[in-house]
Every structure is written in C-alpha cells, then in structure tokens.
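An overview of the molecular structure
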Amino acid sequence: MSEAKTGWKAWLSRELTTLAVVALYFGCWIAVALVLKSLVLAEYQITFAGWSAVVIGALILSKVVLILEHVSLGEWLRTLPAWVDVVVRTVVYSAGVVVVLVLERGFEGRSEHGGFVAAVQAAFNGVNAFHIYTNAICISGALLGYNALSVIRRHLGERGLLKLFLQPLPPRKEGT
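These lines cover the structure that appears in this document, whether it is placed above or below. (Residues numbered from 1 in each chain as written. Predicted model: local features only at pLDDT ≥ 70, side-chain atom pairs only at ≥ 80, totals over all residues. Heavy atoms only, no water.)

With that out of the way, let us pick up the packing of helix 4 (residues 82-113) against helix 6 (residues 128-156). Packing of helix 4 against helix 6 brings their axes to within 8 Å, and their N-to-C directions diverge by 150°. Accordingly, the angle class assigned to the pair helix 4 and helix 6 is roughly antiparallel. Handedness of the crossing formed by helix 4 with helix 6: right-handed. Of the residues belonging to the contact of helix 4 with helix 6, the class tally is 14 nonpolar, eight polar and four charged. (Axes fitted to C-alpha atoms, helices over the stretch in contact; angles between N-to-C directions. Helix = DSSP H or I, 4+ residues; strand = E, 2+ residues; numbered from the N terminus. Parallel < 35°, antiparallel > 145°, perpendicular 65-115°, else oblique. Left-handed = near helix turned anticlockwise from the far one by under 90°. Nonpolar A, V, L, I, M, F, W, Y, C, P; charged D, E, K, R; others polar.)

This is the structure in structure tokens:
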C-alpha cells in the first residue's frame, strides 16, 4: 500500500476518533438535559419523545465545534490569558447555538404559524421559549467545559490530558 493511502487512512482514523470522543462528550451533556426535561415533564404526566435528538445533536455540535477550533478569533486574543479565550469562544459558540435553536423553531413551525417570522415570534411567546432557554443553557455549559478542556489539552500536549486522568492522584500537600 502506498504511503499516501496509509497517511490518508491514519488521518481519517484520527478524525473519526476525535469526532467520536467529542460527540460522546456532547452526547452526555445533551442526554442529561433531556433526562432533566423528561423528569420535569413526567411530573405533569407528559411523555417526552426527543431522544433521537441526542445522537443527531451531539454529532452536529461536535463537528461544528471541531471546525471552529481551527478558526482564529483574532491575534488580540492570543496575548490575553487563556481563560479569556475560553470565555470568548463559549460566548460566540453559545450565540451560534441560540441562533440555530431559533432557526430550528422557525422552520418547524412555519406552516403552523403562517411563515418563518411568525413561527419565531410564536416560539418566544409560547412554551418553546423555555425549550430554547433550557437547551441554550445546557449546551453553553457543555461548551464552557469543552473550551476549558481544550485549553488544558493545548498546554499539556495532545495526549497530556489523557495521561493526566489515567495517573493516580499525587499525595496531598500539608495544609491543603
């Protein structure tokens, strides 16, 4: 087999592995949000049926985040402490999530409400507003954690974070 094909297969394997790990991370967060929603709805004897959204949402979110990791938010950000990068990326990504959630509601309800704009207005005036807020808050928490871990991974190296979590904890120092 040629080196080009071997290199291509290795690249594809790394990409799929990275996507799977990130999708698992976001899938866990989305699943927790859906469990909480279903528990609240169960209190009112309302059945929740949005479980397929976990897999689809996690895959879409993970791929978008992996792409956005390679987008520079400006040279000014590189001169500031790493926590600023985490906060800025989390705010930007979360704003994108809110836009996508609103667009989703607009497209889903456009025939029911007589158009896209009317469906978006209805989403914010009705029960869907709480759905949008809940999803945005949960996914923003996931993005904050992911962005923080991403900065730590950059400082520790590619496998440094994994090595850190696979080692036993060092003994506690006196006074801590």
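A few words on the side chain of Arg-105. Structurally, the position occupied by Arg-105 is in helix 4. Apart from the residues lying within four places of it in its own chain, the contact partners of Arg-105 are Ala-119, Ala-123, Asn-128, His-131 and Ile-132. (Contact = heavy atoms within 4.5 Å.)

Taken together, the side chains of Val-32, Val-35, Leu-36, Leu-39 and Trp-51 define a hydrophobic patch exposed on the protein surface, amounting to about 470 Å² of accessible area. Among the residues examined, Leu-36 registers a relative accessible area of 47% and is labelled partly exposed. (Patch = residues over 30% accessible without salt bridge, like charges linked within 9 Å, V, L, I, M, F, W, Y side chains within 5 Å. Areas by Shrake-Rupley, 256 points an atom, 1.4 Å probe, with all protein chains shown as cover. Salt bridge = Lys/Arg side-chain N within 4 Å of Asp/Glu carboxyl O. Buried < 20%, exposed > 50% of the residue type's maximum accessible area, 1.4 Å probe, protein only.)

Now for the nonpolar core. Counting 22 residues, the largest nonpolar core has Phe-26, Leu-61, Val-65, Val-97, Leu-143 and Tyr-146 as its most contacted members. For this core, the secondary structure elements donating two or more residues are helix 1 (3-43), helix 2 (52-68), helix 4, helix 5 (116-125) and helix 6. With six residues, helix 6 is the largest single contributor of residues to this core. Other than its neighbours up to four places away in sequence, Val-65 contacts Phe-26, Tyr-93, Leu-143 and Tyr-146. (Core = buried A, V, L, I, M, F, W, Y, C linked by side-chain atoms within 4.5 Å.)

Position of Ser-94 among the secondary structure elements: in helix 4. According to the relative accessible area criterion, Ser-94 is buried, its value standing at 11%. Within the structure, the side chain of Ser-94 is placed 2.8 Å from the side chain of Ser-140, a separation counted as a polar contact. With near-sequence residues (within four places) excluded, Ser-94 lies in contact with Ser-140 and Leu-143. (Polar contact = N/O pair within 3.5 Å; in protein donor to acceptor, adjacent residues only side chain to side chain.)

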